[in-house]
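A closer look at the structure
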Amino acid sequence: MGDKSSVWGQTCRIIPLAFPKGQEKVCELCQSPARLQCATCRVTFYCHAEHQRTDWVGIHERICKLLVPVRTCMPNNTKEIQLKKMELIKISTLVAQSKLFQGKHQEALPAAHLCSRYTEDVHGPQSVQQVPAFLLLAEANIGLGNLALAAELLSQAEWVLLKTPEHSNSLTQQLNRNFGRLHAATGNLEDARFNFANDIFFATVEFGMNSTVTACSLFLMADVFAKMKKMSITRSMYQEVARIWCDHLTKLLEIYKKNIPNPAMLSESFHDKSKRAEGERMLGAILEFLQKDVSKDLTQIALVTYSLAVLRLLDGDSHKAYPGSSCSACVRQWSSAAWSR
């Protein structure tokens, strides 16, 4: 009966007579001939148990039952089914983004592929609505080192945007960010710097200079300058990233303090694990840089350590909110000032 672990869901073998003659079932992930099916929805198929586990962790656990009406309804282009497909697009996009924020590139692929598949079903191939899926797939493949495939996906996204002049600044910003990541991964730092400069510009236009989206753009650019051994510029850009995150987290801390008696009223920002993971990754890298930096700027070290402490406090991890480091006194001082405001 296949994989019976409740952690990964359950599978059962496909019984050919249960399906109309001529309907060959293919694997959800690789499109190879399938021999297993999900025992719950029975409309999703796999070539072997490993792909079932990968899909379950990546997206299937979230959408298992939602797939049933979409994959069993005939005809499949009714308004109700289209709405269900749009719901699947939304869920798979959010899941893929969350996995990527956490650096889980392999786990992001099933959700990104599902997003691409249903976006094409709903909006047609090479539509501007499919660009976000191309970008998700490209980012995941860059993280996995599949650079040729990532370059192909980004070229598709770029071509669609060139044909659609009315597209948003956000899509242009994301395209430049991923081209920057691709060039940085191949060692082409000059082109990476060009794309990250565009990333910063369009992020500022779309989200503002003090947005955490812009902070990520600055962080990626700073990383390029670090690889170019331009430490003064790197230091300056990291300081700006730290300032943006400190301001953002201090504002969230104010909301947290006001709503302690009523946790249900807390901002959704506190529950966005992907955003928290992104912030901790950036701040952690900056702290490591500052601690190794010859300038040993204790004020900046304290600010970043304080920001990490607030982030962990908002995450409900009070034990890690005050790390036992040489800067713990500075952290307490920063936190005391914030709480007394």
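Just so we're clear, the structure is a prediction, and the values are computed from it rather than from any experiment. (Residues numbered from 1 in each chain as written. Predicted model: local features only at pLDDT ≥ 70, side-chain atom pairs only at ≥ 80, totals over all residues. Heavy atoms only, no water.)

As for the packing of helix α6 (residues 147-163) against helix α7 (residues 169-186)
Relative placement of two packed helices is described by the angle separating their axes and the distance separating the axes. Where we set the bar: In this analysis an axis means a line fitted to C-alpha atoms, helices contributing only their contacting stretch, and an angle means the value between N-to-C directions, from 0 to 180 degrees. Secondary structure follows DSSP: runs of H or I at least 4 residues long count as helices, runs of E at least 2 residues long count as strands, and numbering of each begins at the N terminus. Angles are sorted into four bins: roughly parallel if under 35 degrees, roughly antiparallel if over 145, roughly perpendicular if 65 to 115, and oblique for all others. In a left-handed crossing the near helix is turned counterclockwise from the far helix by less than a right angle, and in a right-handed crossing that turn is clockwise. Should any heavy atoms of two residues lie within 4.5 Å, those residues are considered in contact. For this classification, the nonpolar set comprises Ala, Val, Leu, Ile, Met, Phe, Trp, Tyr, Cys and Pro, the charged set comprises Asp, Glu, Lys and Arg, and every other residue, Gly included, is treated as polar.
Between α6 and α7, the least distance of the axes is 11 Å, while the angle of their chain directions is 155°. One element, α6, and the other, α7, form an angle in the roughly antiparallel class. Crossing angle aside, the handedness with which α6 passes α7 is left-handed. Facing α6, whose interface residues are Leu147, Ala150, Ala151, Leu154, Ser155, Ala157, Glu158 and Leu161, α7 presents Leu171, Leu175, Asn178, Phe179, Leu182, Ala185 and Thr186. Split by residue class, the contact of α6 with α7 holds 11 nonpolar, 3 polar and 1 charged.

Section: the UniProt feature "domain: MYND-type" (unreviewed entry) in the protein
The criterion, for reference: UniProt positions are given in the numbering used here, feature names are shortened, and annotations may be inferred rather than shown by experiment.
Taking the numbering used here, the UniProt-annotated feature "domain: MYND-type" (unreviewed entry) corresponds to residues 27-64. Along residues 27-64, the helical share is 39% and the strand share 13%, with 15 Å between the first and last C-alpha atoms.

Brief notes about the nonpolar core
Cut-off, in case you're wondering: Put simply, a nonpolar core is a bunch of buried Ala, Val, Leu, Ile, Met, Phe, Trp, Tyr and Cys residues held in one set by side-chain atoms that sit within 4.5 Å of each other. Summary of the burial criterion: residues with accessible area below 20% of their type's maximum are buried, those above 50% are exposed, and those between are partly exposed, where the area comes from a 1.4 Å probe applied to protein chains only.
Membership of the largest hydrophobic core comes to 41 residues, with the highest contact counts inside it found for Ile59, Ile63, Tyr118, Val131, Leu135, Leu154 and Leu175. Among the elements of the structure, α1 (49-63), α2 (67-72), α3 (79-101), α4 (105-123), α5 (131-144), α6 and α7 are those that each provide at least two residues to this core. It is α5 that contributes the most residues to this core, 9 residues altogether. Once residues within four sequence positions are removed from consideration, isoleucine 59 is found in contact with Ile91, Ser92, Val95, Pro110, Ala111 and Leu114.

Comments concerning the side chain of serine 217
Convention followed: Residues adjacent in sequence count toward polar contacts only when both atoms are side-chain atoms; beyond that, a polar contact is any pair of N or O atoms within 3.5 Å, and within protein one must be able to donate a hydrogen and the other to accept it.
Tracing the chain through its elements places serine 217 in helix α9 (residues 212-227). Polar contacts involving the side chain of serine 217 include one to the side chain of aspartate 199, which spans 2.8 Å.

Some thoughts on unusual backbone geometry
Positive phi values are uncommon outside glycine, yet glutamine 126 reaches one of about 60°. With respect to the helices and strands, the residue glutamine 126 is situated in the loop between α4 and α5. Owing to a relative accessible area of 33%, glutamine 126 belongs among the partly exposed residues under this scheme. Its identity is not glycine, yet lysine 296 carries a phi of approximately 45°, on the positive side. Examined against the element boundaries, lysine 296 turns out to sit in the loop between α11 (273-292) and α12 (298-314). Of the residues examined, lysine 296 reaches a relative accessible area of 43% and is grouped as partly exposed.

As for the packing of α5 against α6
Following both chains from N to C, one finds α5 and α6 inclined at 160°, their axes separated by 8 Å at the closest point. As far as their axial angle goes, α6 and α5 are roughly antiparallel. Note that α5 runs across α6; the crossing there is left-handed. Facing Val131, Phe134, Leu135, Leu137, Ala138, Asn141 and Ile142 of α5, the residues of α6 in contact are Leu147, Leu149, Ala150, Leu153, Leu154, Gln156, Ala157, Val160 and Leu161. A class-by-class count of the residues in the contact of α5 with α6 yields 14 nonpolar, 2 polar and no charged.

Section: the packing of aromatic side chains
The criterion, for reference: Whether two aromatic rings pair depends on their centres lying within 6.5 Å, for rings of Phe, Tyr and Trp, where Trp uses its six-membered ring; planes under 30 degrees apart make the pair stacked, over 60 edge-to-face, and the rest tilted.
In the structure shown here, the tally under the stated rule is 3 aromatic pairs. Ring centres of phenylalanine 219 and tyrosine 238 lie 5.7 Å apart, and the angle between their planes is 35°; this geometry places the pair in the tilted category. Of this pair, phenylalanine 219 sits in helix α9 while tyrosine 238 sits in helix α10 (residues 231-258), placing them 19 residues apart in sequence. Assigned by exposure class, phenylalanine 219 and tyrosine 238 land together as buried. Summarising the aromatic geometry, the rings of tyrosine 238 and phenylalanine 289 are spaced 5.0 Å apart at their centres and angled 70° between planes, so their arrangement reads as edge-to-face. Linking tyrosine 238 in helix α10 with phenylalanine 289 in helix α11, this pair joins segments that are 51 residues apart in sequence. For the pair tyrosine 238 and phenylalanine 289, one class covers both residues: buried. Counting every residue linked through ring pairs, the aromatic cluster contains Phe219, Tyr238 and Phe289.

A look at the side chain of arginine 181
Secondary-structure assignment places arginine 181 in helix α7. Reaching out from arginine 181, the side chain makes a polar contact with the side chain of glutamate 139 at a distance of 3.4 Å.

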